[in-house]
Amino acid sequence: MSDALNIDLHTHSNCSDGSLGPAELIARAAAAGVQVLALTDHDTVAGLEDAQRSAHEHGLQLVPGVEISASWRAQAIHVLGLWIDPCSPQLCCSLRAQADLRRSRMVKICAQLTKLKLPGAALLAGVQAIPGLPTRAHLAQGLLAGGHVDSFDAAFRKYLGKGKRAHIAVEWPALQVVVGWICAAGGVAAIAHPTRYALSAGARRRLLADFAAAGGTALEVVSGGNGGQHAETCAALAVHYGLFGTVGSDFHNPQAAWNPLGRSLKLPDCVTPVWRGFGL
Ligand code: AMP
Ligand code: MN
Ligand code: MN
Ligand code: MN
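Cut-off values and rules
Residues numbered from 1 in each chain as written. Chains lettered and ligands numbered in written order. Predicted model: local features only at pLDDT ≥ 70, side-chain atom pairs only at ≥ 80, totals over all residues. Heavy atoms only, no water. Donors = N, O, S within 2.8 Å, 3.2 Å for Na, K, Ca; no water. Helix = DSSP H or I, 4+ residues; strand = E, 2+ residues; numbered from the N terminus. Buried < 20%, exposed > 50% of the residue type's maximum accessible area, 1.4 Å probe, protein only. Pairing = 2+ DSSP bridges. Axes fitted to C-alpha atoms, helices over the stretch in contact; angles between N-to-C directions. Contact = heavy atoms within 4.5 Å. Expected span 1.5 Å × (residues − 1). Arc of directions from axis to C-beta. Phe/Tyr/Trp six-rings, centres within 6.5 Å; stacked < 30°, edge-to-face > 60°.

For the manganese ion (ligand 3), every protein donor is listed as Glu67 (OE), His78 (ND1) and His193 (NE2), and the spread of their distances is 2.1 to 2.2 Å. Along the chain, the residues that donate to the manganese ion (ligand 3) are spaced as E-x10-H-x114-H. A spacing of 5.5 Å is found between the manganese ion (ligand 3) and the manganese ion (ligand 2). Residue His78 is located in strand S4 (residues 75-82), and its partner His193 is located in the loop between strand S5 (188-191) and helix H8 (201-213); the two are separated by 115 residues in the primary sequence. Here His193 falls in the buried class, since its relative accessible area comes to 4%.

As C-alpha coordinates, this is what we get:
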(Lines give C-alpha, C1' and ligand atoms only; values in the text may rest on other atoms or scores of the structure.)
(Ligands and ions follow the chains in the order given, each with its own letter.)
Protein backbone atom coordinates (compact mmCIF):
# COMPACT_ATOMS: atom_id res chain seq x y z
CA MET A 1 0.00 0.00 0.00
CA SER A 2 1.06 3.60 -0.45
CA ASP A 3 2.62 5.98 2.07
CA ALA A 4 -0.63 7.94 2.14
CA LEU A 5 -2.35 5.01 3.81
CA ASN A 6 -5.34 6.10 5.89
CA ILE A 7 -4.75 4.07 9.02
CA ASP A 8 -6.26 4.17 12.50
CA LEU A 9 -5.00 1.66 15.04
CA HIS A 10 -6.99 2.69 18.13
CA THR A 11 -10.82 2.75 18.24
CA HIS A 12 -13.65 1.67 20.52
CA SER A 13 -17.06 0.09 19.98
CA ASN A 14 -19.97 -0.48 22.35
CA CYS A 15 -18.31 -3.72 23.43
CA SER A 16 -16.50 -1.32 25.78
CA ASP A 17 -17.10 2.44 26.13
CA GLY A 18 -17.67 3.40 22.48
CA SER A 19 -21.17 4.25 21.30
CA LEU A 20 -21.27 2.42 17.95
CA GLY A 21 -21.63 -1.30 17.42
CA PRO A 22 -18.53 -2.90 15.86
CA ALA A 23 -20.15 -3.27 12.42
CA GLU A 24 -21.44 0.30 12.52
CA LEU A 25 -18.00 1.57 13.52
CA ILE A 26 -16.40 -0.18 10.55
CA ALA A 27 -19.04 1.13 8.14
CA ARG A 28 -18.51 4.65 9.40
CA ALA A 29 -14.71 4.36 9.24
CA ALA A 30 -14.86 2.99 5.68
CA ALA A 31 -17.16 5.84 4.63
CA ALA A 32 -14.67 8.30 6.16
CA GLY A 33 -11.85 6.85 4.04
CA VAL A 34 -10.10 4.68 6.60
CA GLN A 35 -8.35 1.76 4.86
CA VAL A 36 -6.86 -0.05 7.85
CA LEU A 37 -8.50 0.04 11.27
CA ALA A 38 -7.82 -1.65 14.59
CA LEU A 39 -10.72 -2.20 16.95
CA THR A 40 -9.13 -1.91 20.41
CA ASP A 41 -11.85 -2.16 23.04
CA HIS A 42 -10.92 -1.95 26.72
CA ASP A 43 -10.03 -5.45 27.96
CA THR A 44 -12.27 -7.28 25.49
CA VAL A 45 -12.10 -8.83 22.04
CA ALA A 46 -15.87 -9.44 21.89
CA GLY A 47 -16.40 -7.05 18.96
CA LEU A 48 -13.77 -8.47 16.63
CA GLU A 49 -15.93 -11.09 14.93
CA ASP A 50 -18.65 -8.61 13.90
CA ALA A 51 -16.00 -6.06 12.99
CA GLN A 52 -14.25 -8.56 10.74
CA ARG A 53 -17.47 -9.42 8.92
CA SER A 54 -18.22 -5.74 8.36
CA ALA A 55 -14.63 -5.02 7.30
CA HIS A 56 -14.94 -7.71 4.65
CA GLU A 57 -18.17 -6.15 3.34
CA HIS A 58 -16.68 -2.66 3.19
CA GLY A 59 -13.27 -3.58 1.78
CA LEU A 60 -11.49 -2.30 4.87
CA GLN A 61 -8.60 -4.14 6.48
CA LEU A 62 -9.25 -4.93 10.14
CA VAL A 63 -6.37 -5.27 12.56
CA PRO A 64 -7.53 -7.39 15.50
CA GLY A 65 -6.75 -5.44 18.65
CA VAL A 66 -7.43 -4.76 22.30
CA GLU A 67 -6.54 -2.04 24.83
CA ILE A 68 -5.51 -3.70 28.08
CA SER A 69 -5.36 -1.97 31.47
CA ALA A 70 -2.06 -2.60 33.25
CA SER A 71 -0.22 -1.27 36.31
CA TRP A 72 3.20 0.26 36.40
CA ARG A 73 4.39 1.74 39.72
CA ALA A 74 0.81 2.26 40.95
CA GLN A 75 -0.16 4.03 37.73
CA ALA A 76 -2.75 2.57 35.35
CA ILE A 77 -1.25 2.26 31.87
CA HIS A 78 -3.13 1.30 28.71
CA VAL A 79 -1.34 -1.19 26.49
CA LEU A 80 -2.60 -1.76 22.96
CA GLY A 81 -2.33 -5.28 21.60
CA LEU A 82 -2.33 -5.13 17.79
CA TRP A 83 -2.48 -8.03 15.34
CA ILE A 84 -3.40 -10.32 18.22
CA ASP A 85 -4.96 -13.74 17.81
CA PRO A 86 -8.28 -13.17 19.60
CA CYS A 87 -8.58 -16.92 20.15
CA SER A 88 -5.31 -17.18 22.08
CA PRO A 89 -6.27 -19.29 25.13
CA GLN A 90 -3.97 -17.34 27.46
CA LEU A 91 -5.30 -14.00 26.28
CA CYS A 92 -8.93 -15.11 26.56
CA CYS A 93 -8.40 -16.43 30.07
CA SER A 94 -6.58 -13.22 31.08
CA LEU A 95 -9.31 -11.00 29.64
CA ARG A 96 -11.91 -12.92 31.65
CA ALA A 97 -9.95 -11.98 34.78
CA GLN A 98 -9.80 -8.34 33.60
CA ALA A 99 -13.59 -8.38 33.15
CA ASP A 100 -14.01 -9.67 36.72
CA LEU A 101 -11.76 -6.86 37.99
CA ARG A 102 -13.86 -4.32 36.08
CA ARG A 103 -17.17 -5.69 37.38
CA SER A 104 -16.03 -5.83 41.01
CA ARG A 105 -14.61 -2.31 40.73
CA MET A 106 -18.02 -1.07 39.53
CA VAL A 107 -19.68 -2.52 42.65
CA LYS A 108 -17.13 -0.75 44.87
CA ILE A 109 -17.40 2.58 43.06
CA CYS A 110 -21.19 2.50 43.27
CA ALA A 111 -21.06 1.67 46.99
CA GLN A 112 -18.89 4.73 47.40
CA LEU A 113 -21.32 6.83 45.36
CA THR A 114 -24.13 5.66 47.68
CA LYS A 115 -22.08 6.87 50.65
CA LEU A 116 -21.91 10.23 48.90
CA LYS A 117 -25.74 10.28 48.79
CA LEU A 118 -25.91 9.49 45.11
CA PRO A 119 -28.12 6.67 43.73
CA GLY A 120 -25.32 4.09 43.63
CA ALA A 121 -27.62 1.07 43.33
CA ALA A 122 -29.46 2.52 40.32
CA LEU A 123 -26.18 3.57 38.70
CA LEU A 124 -24.82 0.06 39.21
CA ALA A 125 -27.96 -1.50 37.72
CA GLY A 126 -27.51 0.83 34.75
CA VAL A 127 -23.93 -0.24 34.02
CA GLN A 128 -24.76 -3.90 34.65
CA ALA A 129 -27.48 -3.70 32.01
CA ILE A 130 -25.16 -2.63 29.21
CA PRO A 131 -24.10 -5.41 26.84
CA GLY A 132 -20.38 -4.56 26.82
CA LEU A 133 -17.72 -4.40 29.52
CA PRO A 134 -18.39 -1.65 32.08
CA THR A 135 -16.00 1.29 32.32
CA ARG A 136 -15.95 4.49 34.33
CA ALA A 137 -17.12 6.23 31.15
CA HIS A 138 -20.48 4.44 31.49
CA LEU A 139 -20.78 5.63 35.07
CA ALA A 140 -19.90 9.17 34.01
CA GLN A 141 -22.71 8.97 31.45
CA GLY A 142 -25.09 7.72 34.16
CA LEU A 143 -24.11 10.55 36.50
CA LEU A 144 -24.65 13.05 33.70
CA ALA A 145 -27.98 11.57 32.59
CA GLY A 146 -29.23 11.69 36.20
CA GLY A 147 -28.32 15.35 36.46
CA HIS A 148 -25.74 14.69 39.20
CA VAL A 149 -22.95 16.42 37.26
CA ASP A 150 -22.97 19.17 34.64
CA SER A 151 -20.77 17.38 32.13
CA PHE A 152 -19.12 14.04 31.37
CA ASP A 153 -15.71 15.43 32.34
CA ALA A 154 -17.11 16.82 35.59
CA ALA A 155 -18.01 13.25 36.62
CA PHE A 156 -14.28 12.42 36.54
CA ARG A 157 -13.23 15.73 38.11
CA LYS A 158 -15.72 15.39 40.95
CA TYR A 159 -16.06 11.68 41.62
CA LEU A 160 -14.39 9.12 39.38
CA GLY A 161 -10.91 10.50 38.65
CA LYS A 162 -7.77 9.50 40.56
CA GLY A 163 -7.84 10.95 44.09
CA LYS A 164 -11.52 11.92 43.84
CA ARG A 165 -14.22 10.81 46.26
CA ALA A 166 -15.45 7.75 44.39
CA HIS A 167 -12.14 6.65 42.95
CA ILE A 168 -11.30 3.00 43.50
CA ALA A 169 -7.73 2.02 42.70
CA VAL A 170 -7.60 -1.23 40.75
CA GLU A 171 -4.66 -3.58 40.97
CA TRP A 172 -4.39 -4.20 37.26
CA PRO A 173 -1.78 -6.80 36.36
CA ALA A 174 1.78 -5.55 35.96
CA LEU A 175 2.81 -3.98 32.67
CA GLN A 176 5.30 -6.81 32.06
CA VAL A 177 2.56 -9.42 32.53
CA VAL A 178 0.22 -7.69 30.09
CA VAL A 179 2.97 -7.37 27.48
CA GLY A 180 3.50 -11.13 27.93
CA TRP A 181 -0.18 -11.88 27.17
CA ILE A 182 -0.03 -9.81 23.99
CA CYS A 183 3.19 -11.45 22.83
CA ALA A 184 1.77 -14.92 23.62
CA ALA A 185 -1.21 -14.03 21.41
CA GLY A 186 1.22 -13.25 18.57
CA GLY A 187 0.52 -9.51 18.81
CA VAL A 188 2.51 -6.31 18.98
CA ALA A 189 2.34 -4.41 22.29
CA ALA A 190 2.14 -0.60 22.12
CA ILE A 191 1.84 1.96 24.92
CA ALA A 192 -1.31 4.01 24.25
CA HIS A 193 -1.41 7.83 24.58
CA PRO A 194 1.93 8.06 26.48
CA THR A 195 1.54 11.70 27.50
CA ARG A 196 -1.83 11.18 29.18
CA TYR A 197 -0.49 9.55 32.36
CA ALA A 198 0.31 11.47 35.52
CA LEU A 199 4.05 10.82 35.14
CA SER A 200 7.04 13.16 35.11
CA ALA A 201 9.16 13.14 31.95
CA GLY A 202 11.76 11.05 33.80
CA ALA A 203 9.20 8.50 35.00
CA ARG A 204 7.80 8.27 31.48
CA ARG A 205 11.26 7.41 30.19
CA ARG A 206 11.62 4.69 32.84
CA LEU A 207 8.19 3.35 31.85
CA LEU A 208 9.33 3.02 28.25
CA ALA A 209 12.62 1.40 29.23
CA ASP A 210 10.73 -1.19 31.36
CA PHE A 211 8.19 -1.69 28.56
CA ALA A 212 10.89 -2.33 25.94
CA ALA A 213 12.74 -4.68 28.31
CA ALA A 214 9.49 -6.66 28.75
CA GLY A 215 9.13 -7.17 25.00
CA GLY A 216 6.97 -4.16 24.13
CA THR A 217 7.87 -2.88 20.67
CA ALA A 218 5.66 0.11 19.81
CA LEU A 219 4.53 3.51 21.00
CA GLU A 220 1.38 5.43 20.06
CA VAL A 221 3.17 8.47 18.67
CA VAL A 222 0.07 10.17 17.26
CA SER A 223 -3.10 9.96 19.34
CA GLY A 224 -6.30 11.67 18.21
CA GLY A 225 -7.13 12.94 21.65
CA ASN A 226 -3.79 14.80 21.98
CA GLY A 227 -2.25 17.87 20.37
CA GLY A 228 0.75 18.32 18.07
CA GLN A 229 3.19 18.60 20.95
CA HIS A 230 2.32 15.02 21.85
CA ALA A 231 3.52 13.67 18.49
CA GLU A 232 6.85 15.50 18.67
CA THR A 233 7.57 14.35 22.21
CA CYS A 234 6.53 10.79 21.45
CA ALA A 235 8.43 10.55 18.16
CA ALA A 236 11.66 11.42 20.00
CA LEU A 237 10.87 8.83 22.69
CA ALA A 238 10.09 6.11 20.13
CA VAL A 239 13.39 6.72 18.33
CA HIS A 240 15.34 6.78 21.60
CA TYR A 241 13.89 3.49 22.86
CA GLY A 242 13.95 1.75 19.48
CA LEU A 243 10.16 1.46 19.36
CA PHE A 244 7.98 1.38 16.26
CA GLY A 245 5.40 4.14 15.96
CA THR A 246 1.65 3.72 15.76
CA VAL A 247 -1.21 6.17 15.17
CA GLY A 248 -4.77 6.05 16.48
CA SER A 249 -7.75 8.32 16.94
CA ASP A 250 -8.93 6.68 20.21
CA PHE A 251 -12.37 7.25 18.68
CA HIS A 252 -15.25 6.57 21.10
CA ASN A 253 -18.28 8.29 19.60
CA PRO A 254 -19.35 10.65 16.82
CA GLN A 255 -20.43 13.28 19.40
CA ALA A 256 -16.75 14.10 19.99
CA ALA A 257 -16.71 16.11 16.78
CA TRP A 258 -13.11 17.27 17.31
CA ASN A 259 -11.91 13.68 16.98
CA PRO A 260 -13.63 12.15 13.93
CA LEU A 261 -12.74 8.93 12.14
CA GLY A 262 -10.76 9.19 8.91
CA ARG A 263 -8.41 12.06 9.72
CA SER A 264 -5.43 10.08 8.42
CA LEU A 265 -3.13 10.88 11.32
CA LYS A 266 0.44 11.21 10.06
CA LEU A 267 3.37 9.55 11.75
CA PRO A 268 6.52 11.76 11.81
CA ASP A 269 9.09 10.60 9.24
CA CYS A 270 11.77 9.84 11.85
CA VAL A 271 9.73 6.95 13.29
CA THR A 272 9.40 3.48 11.72
CA PRO A 273 5.69 2.62 11.35
CA VAL A 274 4.60 -0.48 13.21
CA TRP A 275 2.63 -1.58 10.13
CA ARG A 276 5.81 -1.76 8.01
CA GLY A 277 6.35 -5.32 9.25
CA PHE A 278 2.83 -6.31 8.17
CA GLY A 279 3.14 -5.59 4.47
CA LEU A 280 1.42 -2.21 4.65
P1 AMP B 1 -11.85 2.83 32.83
O2 AMP B 1 -11.05 2.12 31.78
O3 AMP B 1 -12.99 2.02 33.33
O4 AMP B 1 -11.00 3.38 33.93
O5 AMP B 1 -12.56 4.06 32.11
C6 AMP B 1 -11.81 5.11 31.61
C7 AMP B 1 -12.38 5.59 30.30
O8 AMP B 1 -13.15 6.74 30.52
C9 AMP B 1 -11.27 6.01 29.35
O10 AMP B 1 -10.94 4.98 28.47
C11 AMP B 1 -11.85 7.16 28.60
O12 AMP B 1 -12.49 6.70 27.43
C13 AMP B 1 -12.94 7.70 29.49
N14 AMP B 1 -12.61 9.03 30.04
C15 AMP B 1 -13.09 10.18 29.58
N16 AMP B 1 -12.67 11.22 30.29
C17 AMP B 1 -11.87 10.73 31.24
C18 AMP B 1 -11.13 11.32 32.30
N19 AMP B 1 -11.15 12.63 32.53
N20 AMP B 1 -10.41 10.51 33.08
C21 AMP B 1 -10.40 9.17 32.86
N22 AMP B 1 -11.10 8.57 31.87
C23 AMP B 1 -11.83 9.33 31.07
MN1 MN C 1 -12.28 4.58 26.76
MN1 MN D 1 -6.79 4.53 26.84
MN1 MN E 1 -8.70 3.93 23.98
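Here seven strands make up an open sheet; going across it, the order is S1-S2-S3-S4-S5-S6-S7 and the pairing mixed. Two strands bound the open sheet, and with one partner strand each, they are strand S1 (7-11) and strand S7 (244-248). The mean inter-strand angle of the sheet, taken between neighbouring strand axes irrespective of direction, is 35°. Relative to strand S2 (residues 36-39), S1 runs parallel, the two being bridged by three bridges. Paired with Ile7 across the bridge in S2 is Val36. On the sheet, helix H2 (residues 48-58) packs against S2 and strand S3 (61-72) and is oriented at approximately 150° with respect to S3.

What follows deals with H8. The terminal C-alpha atoms of H8, which comprises 13 residues, lie 19 Å apart, in line with the 18 Å expected from a rise of 1.5 Å per residue. When H8 is considered as a whole, its buried residues turn out to be Ala203, Arg204, Leu207, Leu208 and Phe211. Down the axis of H8, the smallest arc covering the buried residues is 140°, so these residues share one side.

For the structure on display, the rule yields two aromatic pairs. Relative to Phe278, the ring of Trp83 lies with its centre 3.8 Å away and its plane at 5°, an arrangement referred to as stacked. Of the two residues, Trp83 sits in the loop between S4 and helix H3 (89-115) while Phe278 sits in the segment after S7, which places them 195 residues apart along the sequence. For Trp83, a relative accessible area of 15% corresponds to the buried category.

As far as function goes, none of this settles anything; it's purely spatial.
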